[in-house]
Amino acid sequence: MRTARLLPRRHRDPPRLSLHRLGALTAAHVLQVATLFEEKAQDELFGADGDFRAASTVVPVGVAEPGGEGHVVREAGLLDLPVEGGSPGSVLHGNPMYAGRAAAFFHGELAAIMIGTAYAAADEYARLVAARPLVLDPAHTRADLHDYQRHLGEALGTVHLAEAALQRTAEDWTEACGRNVSGEAPFTTAVDNRLALVFLEAGRLAWNALQGILLRTTGYRHARDGERTQRYFRDAATYWTHVGPSMAEPLQRRVGRDRLGLPSDDIPLVP
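Participant: Sorry, what's going on with the overall build of the protein chain here?
Facilitator: Per the secondary structure count, the protein chain includes nine helices and two strands. From first element to last, N terminus to C terminus, the protein chain shows the α and β order α-α-α-β-β-α-α-α-α-α-α. Of all 271 residues assigned to the protein chain, the portion counted as buried reaches 42%. If you take every contact in the protein chain between residues at least 6 apart in sequence, the share linking residues at least 24 apart comes to 70%. Counting only carbon and sulfur atoms, one obtains 57% of the accessible surface of the protein chain, whose full area is about 14,600 Å².

So this is what it looks like as structure tokens:
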């Protein structure tokens, strides 16, 4: 899992939905398909060229299954599907990456995009302060002031921390998949809860740096329509108002219960 460092778009381009970010998320759902489905279904879904993009939902859905004389409907959600001991995908592809639970990877996707957006906002911040002359001393710019140097440094330190957490937790997730397939240790819900919470906190750090430091100190003129800073903030706000960050409190409760040896599966991640 790598951080998506987003390239700044042309200055003052018209506001529009960031389709490249939506594409990144929908393409990432290939992992769940390649994990859960048998070979015949995957051949049909991926087709000859392998191009696959699909929306996904964490809302439980009804699934019809044969049962006696008719069919029974069971309720299943993507975040609840077990992978202990491996999955159809890990056997089919010979890769333990397809034997991981969904919740942690789900939060890792979001955190990677959020961190990349925060880096892009920091790049824009550096450009803006270096180009803004001081009112009383136009021979110098905001980049020469200690306050703006400190603001940028604080934001970058926070985003670097978020990226370090993202990368380390991605390694932990990969290692958990390997232990699951080898039989050394199952990829349990407790493992998933812990990794998902760290990913979520990494995304939260990046959000706080972008909106609490960079946007707040960059100046109101750069929060207007058409400004890159405003665009990055809108994209980041899309993350922050997504269902993912709303899982913080239930994940915190789950991780606390797991550590105390109490059951945590009864705590819903989605209201």
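Participant: I'm lost on the packing of aromatic side chains in this one. Help?
Facilitator: Centre distance and the angle of the planes are the two values used to describe a pair of aromatic rings. As enumerated under the stated definition, the model contains five aromatic pairs in all. Ring centres 6.4 Å apart and planes at 70° place the aromatic pair tryptophan 173 and phenylalanine 187 in the edge-to-face group. In this pair, tryptophan 173 sits in helix α6 (residues 146–182) while phenylalanine 187 sits in the loop between α6 and α7 (189–218), placing the two residues 14 residues apart along the sequence. Given a relative accessible area of 0%, phenylalanine 187 falls into the buried group. With 5.8 Å between their ring centres and 25° between their planes, tryptophan 207 and phenylalanine 233 make a pair best called stacked. Taken together, the residues span a long stretch of sequence, with tryptophan 207 in helix α7 and phenylalanine 233 in helix α8 (residues 228–240) at a distance of 26 residues. Tryptophan 207 sits in the buried class, given a relative accessible area of 9%. In textbook terms, an aromatic cluster arises when at least three aromatic residues are bridged by ring pairs, as seen for Trp207, Phe233, Tyr239 and Trp240.

Participant: Help me out: how do you make sense of the environment of alanine 176 in this one?
Facilitator: Looking at where alanine 176 falls in the secondary structure, it is placed in helix α6. C-alpha of alanine 176 to C-alpha of leucine 195: the two residues are 19 residues apart in sequence and 9.9 Å apart in space. If sequence neighbours within four positions are ignored, alanine 176 has contacts with Phe187 and Val191.

Participant: For this particular structure, what's the right way to read the pattern of salt bridges?
Facilitator: Summed over all chains, the structure comprises 11 salt bridges. A salt bridge links arginine 168 to glutamate 175; the nearest nitrogen and oxygen atoms lie 3.5 Å apart. A relative accessible area of 40% means that arginine 168 is categorised as partly exposed. Owing to a relative accessible area of 40%, glutamate 175 belongs among the partly exposed residues under this scheme. Across the pair arginine 204 and glutamate 201 runs a salt bridge whose closest N-O atoms are separated by 3.0 Å. Of this pair, arginine 204 and glutamate 201 both sit in helix α7, three residues apart, which is roughly one turn of the helix.

Participant: Is there a simple way to explain the packing of helix α5 (residues 102–131) against α8 in this structure?
Facilitator: Each pair of packed helices can be described by the angle between their axes along with the distance between the axes. One can describe the packing of α5 onto α8 by two numbers: an axis separation of 10 Å at closest approach and a directional angle of 160°. The orientation of α5 with respect to α8, classified from their angle, is roughly antiparallel. The crossing of α5 and α8 is left-handed. Along its contact with α5, which presents Leu110, Met114, Thr117, Ala120, Ala121, Glu124, Arg127 and Leu128, the element α8 presents Arg228, Thr229, Tyr232, Asp235, Ala236 and Tyr239. In the contact of α5 with α8, the residues fall into eight nonpolar, two polar and four charged.

Participant: I keep staring at the nonpolar core and nothing clicks. Help me out?
Facilitator: Grouped burial of nonpolar side chains is what soluble globular proteins tend to show. In terms of nonpolar packing, the biggest core is built from 57 residues, with Met114, Ile115, Trp173, Phe187, Leu214, Met247 and Leu251 touching the most fellow members. Tallying contributions element by element places α5 first for this core, with 17 residues. Not counting the four nearest positions on each side in its chain, tryptophan 173 is found in contact with Leu31, Met97, Gly100, Arg101, Ala104, Phe105, Phe187 and Leu195.

Participant: Can you walk me through a nonpolar patch on the surface in this structure?
Facilitator: A cluster of nonpolar side chains, namely Leu36, Phe37 and Leu45, defines an oily patch on the protein surface of about 230 Å² accessible area. Within the secondary structure, leucine 45 is located in helix α3 (residues 39–46).

Participant: Before we go on, may I ask you to explain α8 in this structure?
Facilitator: The periodicity of an α-helix, 3.6 residues per turn, causes residues three or four positions apart to be oriented the same way. Taking 1.5 Å of rise per residue, 13 residues should cover 18 Å, and α8 covers 18 Å from first to last C-alpha, within 8% of that figure. Those residues of α8 not exposed but buried are Arg228, Thr229, Gln230, Arg231, Tyr232, Asp235, Ala236, Ala237 and Tyr239.

Basis of the calculations
Position numbers for residues count from 1 along each chain, tracking the sequence in the order it is written. Given that the model is predicted, a residue must reach a pLDDT of at least 70 before its local features are reported, and side-chain atom pairs must reach 80 or more before they are shown or counted; all residues, however, enter totals for whole chains, interfaces and linings. For the side-chain quantities, the full set of heavy atoms in the structure was used; hydrogens and water were omitted. Working definition: helices are DSSP H or I runs of at least four residues, strands are E runs of at least two. Numbering for both runs from the N terminus. Throughout, exposure labels follow a simple rule: accessible area from a 1.4 Å probe, protein chains only, divided by the maximum for the residue type, with under 20% read as buried, over 50% as exposed, and the rest as partly exposed. In this analysis, two residues are considered to be in contact whenever any of their non-hydrogen atoms come within 4.5 Å of each other. Residue-level accessible areas treat just the shown protein chains as cover; the underlying method is Shrake-Rupley with a 1.4 Å probe. Between 30 and 60 degrees the pair is tilted, below 30 it is stacked and above 60 it is edge-to-face, where a pair is any two Phe, Tyr or Trp rings, Trp via its six-membered ring, whose centres lie within 6.5 Å. What makes a salt bridge here is a side-chain nitrogen of Lys or Arg within 4 Å of a carboxyl oxygen of Asp or Glu, nothing more. Under this scheme, a helix contributes an axis fitted over its contacting stretch, all axes are lines through C-alpha atoms, and angles between N-to-C directions fall in the 0 to 180 degree range. The scheme is simple: roughly parallel for angles under 35 degrees, roughly antiparallel for over 145, roughly perpendicular for 65 to 115, oblique for anything else. Here a crossing is called left-handed whenever its near helix is offset anticlockwise from the far helix by less than a right angle, and right-handed whenever the offset is clockwise. Gly is put with the polar residues, along with every residue not named as nonpolar or charged; the nonpolar set is Ala, Val, Leu, Ile, Met, Phe, Trp, Tyr, Cys and Pro, and the charged set is Asp, Glu, Lys and Arg. In this description, a nonpolar core means a group of buried Ala, Val, Leu, Ile, Met, Phe, Trp, Tyr and Cys residues linked to one another through side-chain atoms lying within 4.5 Å. Here, patches come from residues exposed beyond 30% relative accessible area and free of salt bridges, joined within 9 Å for like charges and within 5 Å for nonpolar side chains (Val, Leu, Ile, Met, Phe, Trp, Tyr). Given a helix with a known number of residues, its expected span is that number minus one, times 1.5 Å.

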